[in-house]
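Residues per chain are reported as follows:
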Amino acid sequence: MSDHASPKPSRARKATLVILLVGVAIGIVFWGGFNTAMEATNQEAFCISCHEMRVNVYEEYTDTIHYTNRTGVRATCPDCHVPKDWVHKFVRKIRASKELYHHFMGDVDTPEKFEAERFRLAQNVWSEMKRTDSRECRNCHEFDSMDYTKQESRSSQGHQNAEEAGLTCIDCHKGIAHSLPMQYDPEQDAPGKSVFYTRLDPASTRK
């Protein structure tokens, strides 16, 4: 039986292999750069680089328990307002791009302008949190992890009632990190019957 040398790869096969490797390399570089940019815009320093955020909602937040507390655990802007899973985070970033338009237009660049829009902006955030079952709150707070015996009686009973009723964090905890709008009326915000969810899709809420 005679030995035959293996045929050398054709020029076309070599070209295909080179193109494939170059494509993979470009993909890795692009993906790495994209994720780096995504994370760079997901830092508190970036959030408050805009004047309107720094002098309005950030100043309020520094006086709350989410900023300073006995345990030393701080929830920053992206912890509360940006999903952690990649798909929802990407969608949130796309939607946030329109905020750049309002930034450059100066729509809320003074405390007076911001206060004029606060109620509408707050309702948008409340509605989103209701729609997602307070997803970002639940990164740190979850009924299953609560020891009701270690809570004050009022908090313990409130959390147990909320869990039984299928309520979510934002139903009872509006204004926990930022000032409530002047138009806010607690009488219209009964847990589970609030009128302040402006963009709510009933089909997406908890049952």
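Preceding block: the structure.
Everything in this summary refers to the structure shown in the same document. (Residues numbered from 1 in each chain as written. Predicted model: local features only at pLDDT ≥ 70, side-chain atom pairs only at ≥ 80, totals over all residues. Heavy atoms only, no water.)

## Describing unusual backbone geometry
No. 1: Positioned with a positive phi, Asp133 is a non-glycine residue whose angle comes to about 60°.
No. 2: Locating Asp133 in the fold gives a position in the loop between helix H6 (111-131) and helix H7 (153-165).
No. 3: Despite not being glycine, Ser134 has its phi angle at roughly 50°, a positive value.
No. 4: Within the fold, Ser134 resides in the loop between H6 and H7.
No. 5: A relative accessible area of 1% means that Ser134 is categorised as buried. (Helix = DSSP H or I, 4+ residues; strand = E, 2+ residues; numbered from the N terminus. Buried < 20%, exposed > 50% of the residue type's maximum accessible area, 1.4 Å probe, protein only.)

## Observations regarding the nonpolar core
No. 1: The biggest cluster of nonpolar side chains holds 8 residues, and these are Phe119, Ala122, Trp126, Met129, Ile170, Tyr184, Phe196 and Tyr197.
No. 2: Sort the elements by how many residues they give to this core and H6 lands first, with 4 residues.
No. 3: Among residues more than four places away in sequence, those in contact with Trp126 are Phe119, Ile170, Lys174, Leu180, Pro181, Tyr184, Phe196 and Tyr197. (Core = buried A, V, L, I, M, F, W, Y, C linked by side-chain atoms within 4.5 Å. Contact = heavy atoms within 4.5 Å.)

## Points about the packing of helix H3 (residues 51-61) against H6
No. 1: Relative orientation of the contacting elements H3 and H6 amounts to 55°, with a least axis distance of 10 Å. Viewed along their axes, H3 and H6 adopt a mutual orientation that is oblique. Residues Met53, Asn56, Val57 and Glu60 of H3 pack against Pro111, Phe114 and Arg118 of H6. (Axes fitted to C-alpha atoms, helices over the stretch in contact; angles between N-to-C directions. Parallel < 35°, antiparallel > 145°, perpendicular 65-115°, else oblique.)

## Considering the packing of aromatic side chains
No. 1: Tallied over the full model, the rule gives 9 aromatic pairs.
No. 2: Considering the side-chain rings of Tyr58 and Tyr61, the 5.7 Å spacing of their centres and the 50° angle between planes classify their relative orientation as tilted. Taken together, the positions of Tyr58 and Tyr61, both in helix H3 and 3 residues apart, correspond to about one turn of that helix. The pair Tyr58 / Tyr61 is uniform in exposure class, with both members buried.
No. 3: Residues Tyr58 and Tyr67 carry aromatic rings whose centres are separated by 6.5 Å and whose planes lie at 90° to one another, so their mutual orientation is edge-to-face.
No. 4: A relative accessible area of 14% places Tyr58 in the buried class.
No. 5: Lying over the aromatic face of Trp126, Lys174 brings its terminal NZ or CZ to 5.7 Å of the ring centre. (Phe/Tyr/Trp six-rings, centres within 6.5 Å; stacked < 30°, edge-to-face > 60°. Lys NZ or Arg CZ within 6 Å of the ring centre and 35° of its normal.)

## Side note on the pattern of salt bridges
No. 1: Evaluation of the coordinates by the stated rule reveals 14 salt bridges.
No. 2: Asp109 serves as the salt-bridge partner of Lys113, at 3.1 Å between the closest nitrogen and oxygen.
No. 3: Exposure remark for Asp109: the relative accessible area of 29% places this residue in the partly exposed category.
No. 4: Here the residues in one salt-bridge network are Glu60, Glu115 and Arg118, joined through shared partners. (Salt bridge = Lys/Arg side-chain N within 4 Å of Asp/Glu carboxyl O.)

## Brief notes about H6
No. 1: Relative to the 30 Å expected for 21 residues at 1.5 Å per residue, H6 spans 29 Å between its end C-alpha atoms, a close match to the ideal helical length.
No. 2: Remark: the principal bend of H6, roughly 50°, maps to Arg118.
No. 3: Listed in full, the buried residues belonging to H6 are Phe114, Arg118, Phe119, Ala122, Gln123, Trp126, Ser127, Glu128, Met129 and Lys130.
No. 4: Just beyond H6, the residue with positive phi is Asp133, at close to 60°. (Expected span 1.5 Å × (residues − 1). Bend = angle between axes of the 7 residues up to and from the residue.)

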